[in-house]
Amino acid sequence: MGSVSDAMLLAAEAGPHLPSVSDFLPPEILFEGTPFAINRIILIRIIATVVLLTVMVVTACRAKVVPGRWQAAVEWVLDFVRDNIIYQVMGEIRGRRYIPMITTIFLTVFVFNICGVIPGMNIAATATVTMPLVFALWVFCQYWIAGVREKGIGAFLKEELLPPGVPWPIYIILTPIQLLELLVIRPLSLTIRLFANMIAGHLLLATCLAFAQFYIIESADKLAGVPVGGLWFIGGFVFTLFEMFVAALQAYVFAILATVYINQSYPEE
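In this report, we go over the structure that sits alongside the text. Please read all numbers here as calculations on a predicted model, not as lab measurements. (Residues numbered from 1 in each chain as written. Predicted model: local features only at pLDDT ≥ 70, side-chain atom pairs only at ≥ 80, totals over all residues. Heavy atoms only, no water.)

### Some points on helix H5 (residues 99-114)
- With 16 residues, H5 extends 22 Å between its outermost C-alpha atoms, agreeing within 8% with the 22 Å of an ideal straight helix rising 1.5 Å per residue.
- Here H5 lies mainly inside the structure; twelve of its 16 residues are buried.
- Within the sequence span of H5, burial applies to Met101, Ile102, Thr103, Ile105, Phe106, Leu107, Thr108, Val109, Val111, Phe112, Asn113 and Ile114. (Helix = DSSP H or I, 4+ residues; strand = E, 2+ residues; numbered from the N terminus. Expected span 1.5 Å × (residues − 1). Buried < 20%, exposed > 50% of the residue type's maximum accessible area, 1.4 Å probe, protein only.)

### Looking at the layout of surface pockets
- Taken as a whole, the largest pocket holds about 440 Å³ of empty space.
- Sorting elements by how many residues they give to the lining of the largest pocket places helix H3 (residues 69-90) first, with seven residues. (1 Å grid on protein atoms, 1.4 Å probe; cavity = no way out; pocket = protein on both sides within 12 Å on 5 of 7 lines; lining within 4 Å. Points joined across faces, edges and corners; volume = space filled by probe spheres on them.)

### Considering the packing of aromatic side chains
- Taken as a whole and assessed by the stated rule, the structure comprises 13 aromatic pairs.
- With centroids separated by 6.0 Å and ring planes inclined at 50°, the aromatic side chains of Phe140 and Tyr143 adopt a geometry described as tilted. Here Tyr143 and Phe140 lie together in helix H6 (residues 130-151), a separation of three residues that amounts to about one turn. Exposure class is identical for Phe140 and Tyr143. Each is buried.
- Between the aromatic rings of Phe140 and Tyr261, the centroid separation amounts to 5.3 Å while the plane-to-plane angle is 40°, which identifies the pairing as tilted. Separated by 121 residues along the polypeptide, Phe140 in helix H6 and Tyr261 in helix H9 (residues 222-264) bring together distant segments of the chain. Considered together, Phe140 and Tyr261 belong to a single accessibility category, that of buried residues.
- Among the aromatic residues, those joined into a cluster by ring pairs are Phe140, Tyr143, Trp144, Phe156 and Tyr261. (Phe/Tyr/Trp six-rings, centres within 6.5 Å; stacked < 30°, edge-to-face > 60°.)

### Re the pattern of salt bridges
- Counted according to the given criterion, the structure contains six salt bridges.
- With a closest N to O distance of 3.5 Å, Arg82 and Asp79 form a salt bridge. Linking Arg82 with Asp79, this pair stays in helix H3, spanning three residues, or about one helical turn.
- Using a relative accessible area of 29% as the deciding quantity, one classes Arg82 as partly exposed.
- The partly exposed category is assigned to Asp79, whose relative accessible area is 34%. (Salt bridge = Lys/Arg side-chain N within 4 Å of Asp/Glu carboxyl O.)

### Focus: unusual backbone geometry
- With a phi close to 60°, Asn122 is a non-glycine residue in the positive phi region.
- Tracing the backbone through its elements, the reader meets Asn122 in the loop between H5 and H6.

Structure, rendered in structure tokens:
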């Protein structure tokens, strides 16, 4: 009995276990030491992808002319991406080509983000740099493809690296900056925006819950600890709702920025 009390006292003296960088680099849990090693975040990505594909395939297979509530909800999301993101930025004729791509990005980023508030997962699948970078590189591959297809490689590079109306000596400084922006800055801006937001949300939420657990369960002074822990728990609940909002917002921002960037590669009409 005394050892249990001593352990609780030591835990109370040590303070709450706060989240750290190690939360985003969990150990491998399957196929350790092989090229196919899987840690918790990769496993969450696999599960989220399977769930998303299953939902979309089952909905498509059971689609009816007069949709039920579930089909109507899925169609509303698809129509929102098409009408309020793609067509609004690109127009209907140009945007048709990119409906599958932008819709895939929006749905995948949203589902990966929302994993951060799902019990048992508790971390966004976009909270490491890999997935945001993959999506960003996909966007900028399409940016290059669209620009070269519409303008030709020479005209595309000339427009990107030698913007008109600039005195020629300025090109000595401007052209390397333009090249850096084209190859590095734009992809990184998309990557870091998503990656950093999901990390920040996870840290805030985990910190609130860690303090709530410490004051309510581990604190030696229950009289003062429970009310304080209750406030931290309420804060955790508020941040959970906020994290759900951010998950949707970041999916929207990533999708609309991807659409804007690709649209910029087309000639001005």
